[in-house]
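Chain by chain, the residues run as shown.
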Amino acid sequence: MPAPPTTASPATRALGGLSLAGLALLLGYALWWSPPDIVQKDSVRIMYVHVPTAIIAFVACGITTLASAMWLRRRSEGWWVLGGAAAEVGLLFTGACLVTGSIWGRPTWGTYWDWDPRITSTTLLFILLVGYLALRRVDNESGIAAQRGMRAAIVGLLLMPNVMIVHYSVDWWRSLHQPATITRLDPTIDGEMLFTLMLGIVVFALLFAWLLVHRFRLGWLEERAHAGGLDAAIVERRAEADLAGRTV
Amino acid sequence: MEPAVQLRGAVTLLGRFPALAGIDLDVAAGEIVLLRGPNGAGKTTLLRLCAGLLPLARGEGRVLGHDLSDRRQARALRTRVGLLGHATGLYDELTVADNVRFWGRAAGADAADVAAALAGCGLDGRLRDVPVAALSAGQRRRTSLACLVARRPELWLLDEPHAGLDHDGRELLDDLVQRAVDAGATVLLASHDLERAEALAHRVVTLAGGTTGAEPPPGRGRVGPEEVALVP
Amino acid sequence: MFRDAGLVAGKDLRIELRSHVTMQQVFPFAVLVLILFGIALDPDRGFLGRASAGLFWVTVLFCALLAIQRAFTIESADGGRDALRLSGLDPAGIFLGKAAAIAVQLLAIEAVLAVGVVVMYGTEVTGVPLLVATIAAATAGLAAAGTLYGVLAAGLRVRETLLPILLLPVLSPVLIGATEAFEAALGGAATDGWPWLGLLVVFALLYLAFGTLAFGTLLEES
């Protein structure tokens, strides 16, 4: 079957279009239409990016763990590809979360890093993802799809539990010294600010889904190419053997 | 009686590369079969497949009644075979006796089996308490052999067992193989020491480029004390 | 399973007794790290004494990396993995045995470090029951998680660089828990420290359980 020329499709175009439109709307609300916070003034606006990316990063880890678990049960390529795709896009969102958190920190704390439990545990999450992806790259060496990837699958399976344990431990630890300042969502948050936040979550979820689908399809095509290569190699080996047999 | 080894069109994988492009092989219980072939023909790979260490990617395979395509059965098979490979599988820091004791007990052998294995391989004298790191290659081979003997496997898979052994060592090995077969084991060995191996074996199988060729080669008949050589 | 664990642990410890790698190389490394911290943190201003809980456990983490790498290096010599797969040993038993051997070596390292910290940093030892319990629980967790990730990295050529980034983030809860418990004990407020022990125990149990279940499949992938 010939490879499709692009990983796009009507579904992804719709998704992409929707996310772009959503982003535009979000920018409008975030930057102009929603009011500044009483305490934080305008720096709260970056929260509309920071909080959604944090949530999505967690969701991405959850997807990776789920995909790893399903792969361990079914050993089908789809789950393998999904685990990697979710981790990669998740890494992107985690990075965005860290950067926006740091930028928010400057006017709020006076410094780019404050050992706030969120930013500390998010940084550890970042490294957990980097480690997982590094292991996947190395683990990609060996044979038939059912055999390779065991190491990465185990680490992927443990990813979400690790994220949760780390998150909980860091939170508890820092709560003794300082309460979490980021994402302490004020329950009496103003209507328009709440709306913008919710909008942000929805828009970034769409963006994540769009990127994930593309990355998944790309990974799937890579797997097809690899599997095709394996069949070709078997045919070649047999041809070699026939040739050797004839000359004996 | 059920054959010890039965392969049909077997293909396995080494990492991502296919090996053994469709092998057919039958080994009856109690036979000693010699595998011949040039380097790279797949003798080592075939032995490892029969040990249950490699996956069966295509075709069918049964060893000692275990279906190789079922991973659980392949794993259960491993305790019933003994593989003497190129690598020693020994812990350098431990003594000969420590190694044989560890590997023997891991397979369920008791102290008597371990002692018998050491004695049977000529390792119960001076060499017994020498660390493996201080041994020569031939002595390490003997130690690996003792580890195998202690397990009392039903199928012996020997990958170039004579290599590195001195004359006494080779005699010892042949003797051990014969005694094991007399006690009911089956032996599949790969060797370049054709003279000695052919004298030992009941049957010869030639591998050419990952497939089994016709056996026996023209002009030679089955070798072994009971058989008659064909005259060309 | 436990019989096999005993065999494997005995084998690993016997190798250590013959080769003395932990004693001759990791013990000095541990003391060296304490000295390096002293150099970096100005011994005269009392930081070291106040920070000794944290410095102790960070050093333990670094030494654990070495101990774990070593535990799998001895298996990597000449066909060791195949031999283990063929051996007939229960993989869960191999896991527990290796973890037990690593734990014993870590306890020895921690004893050396404890002496070092008291002598070099002038730490006053109080709340001994909590200290001992923390050491037990934390070491179990380190050994269990370390053995699991250690075998994961073991067959890879990049294992020296990959193991730290895989393992250390996973161990950060142990660092947090152990440090807080130690600080509570050393600061005379031991009752504050016991909840942290709960975290350590849960961590250790989780990884012991998971490692026991997963080790078999991991051993197969080489």
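Residues numbered from 1 in each chain as written. Chains lettered and ligands numbered in written order. Predicted model: local features only at pLDDT ≥ 70, side-chain atom pairs only at ≥ 80, totals over all residues.

### Some words on the packing of helix H3 (residues 96–106) of chain B against helix H1 (residues 2–19) of chain C
Part 1 of the argument: Viewed as axis vectors pointing N to C, H3 of chain B and H1 of chain C meet at an angle of 165°, and their least axial separation amounts to 11 Å. Comparing their axes, H1 of chain C and H3 of chain B come out roughly antiparallel. Our pair here, H3 of chain B against H1 of chain C, has a crossing hand that is left-handed. Packed against H3 of chain B, whose contacting residues are Asp98, Phe102, Arg105 and Ala106 of chain B, the element H1 of chain C presents Leu7, Lys11 and Arg14 of chain C at the interface.
Part 2 of the argument: Tallied by class, residues from the contact of H3 of chain B with H1 of chain C come to three nonpolar, no polar and four charged. (Axes fitted to C-alpha atoms, helices over the stretch in contact; angles between N-to-C directions. Helix = DSSP H or I, 4+ residues; strand = E, 2+ residues; numbered from the N terminus. Parallel < 35°, antiparallel > 145°, perpendicular 65-115°, else oblique. Left-handed = near helix turned anticlockwise from the far one by under 90°. Contact = placed C-beta atoms within 7 Å. Nonpolar A, V, L, I, M, F, W, Y, C, P; charged D, E, K, R; others polar.)

### Brief notes about the interface of chain C and chain A
Interface size, as often reported, equals the accessible area lost upon joining of the parts.
Part 1 of the argument: Contact residues are listed per partner, giving 19 residues for chain C and 18 residues for chain A.
Part 2 of the argument: Among the residues making up the side of chain C that touches chain A, the classes are represented as 14 nonpolar, three polar and two charged.

### Focus: unusual backbone geometry
Part 1 of the argument: Even without glycine at this site, Leu64 of chain B takes up a positive phi of about 50°.
Part 2 of the argument: Within the secondary structure layout, Leu64 of chain B lies in the loop between strand E4 (56–63) and strand E5 (66–67).
Part 3 of the argument: Residue Leu64 of chain B is classed as buried on the basis of its C-beta count, with 20 C-beta atoms lying within 10 Å.
Part 4 of the argument: One non-glycine residue, His20 of chain C, adopts positive backbone phi at about 60°.
Part 5 of the argument: Its location among the elements puts His20 of chain C in the loop between H1 and helix H2 (21–40).
Part 6 of the argument: Its 12 C-beta neighbours within 10 Å are what place His20 of chain C among the exposed residues. (Buried ≥ 20, exposed ≤ 12 C-beta atoms within 10 Å, placed from the backbone.)

### Overview of the environment of Val33 of chain C
Residue and element names in this part refer to chain C.
Part 1 of the argument: Note on placement: Val33 falls in helix H2.
Part 2 of the argument: The class for Val33 is partly exposed, based on 18 C-beta atoms found within 10 Å.
Part 3 of the argument: Not counting the four nearest positions on each side in its chain, Val33 is found in contact with Thr59 and Phe62.

### Looking at the sheet that holds strand E1 (residues 5–14) of chain B
All names here are of chain B.
Part 1 of the argument: The strand order E2-E1-E4-E5 describes an open sheet built from four strands, whose pairing is antiparallel. Across the chains shown, the open sheet's two edge strands, defined by having one partner strand only, are strand E2 (17–27) and E5.
Part 2 of the argument: In this sheet, E4 lies alongside E1 in antiparallel orientation, the contact comprising six bridges. The residue bridging Leu7 from the neighbouring strand is Gly61, located in E4. (Pairing = 2+ DSSP bridges.)

### Quick notes on the environment of Gly200 of chain A
All names here are of chain A.
Part 1 of the argument: Relative to the elements of secondary structure, Gly200 occurs in helix H6 (residues 191–247).
Part 2 of the argument: For the pair formed by Gly200 and Arg13, sequence separation is 187 residues and the distance between their alpha carbons is 20 Å.
Part 3 of the argument: Among residues more than four places away in sequence, those in contact with Gly200 are Leu26, Tyr48, Val49, Val51 and Pro52.

### Comments concerning helix H5 (residues 91–121) of chain C
Three or four residues apart is the spacing at which side chains of an α-helix point the same way, because the helix has 3.6 residues per turn.
Part 1 of the argument: The first and last C-alpha atoms of H5 of chain C sit 42 Å apart over 31 residues, in line with the 45 Å expected at 1.5 Å per residue.
Part 2 of the argument: One or two positions beyond H5 of chain C, positive phi appears at Gly122 of chain C, with a value near 65°. (Expected span 1.5 Å × (residues − 1).)

Honestly, it's all geometry; don't read function into it.
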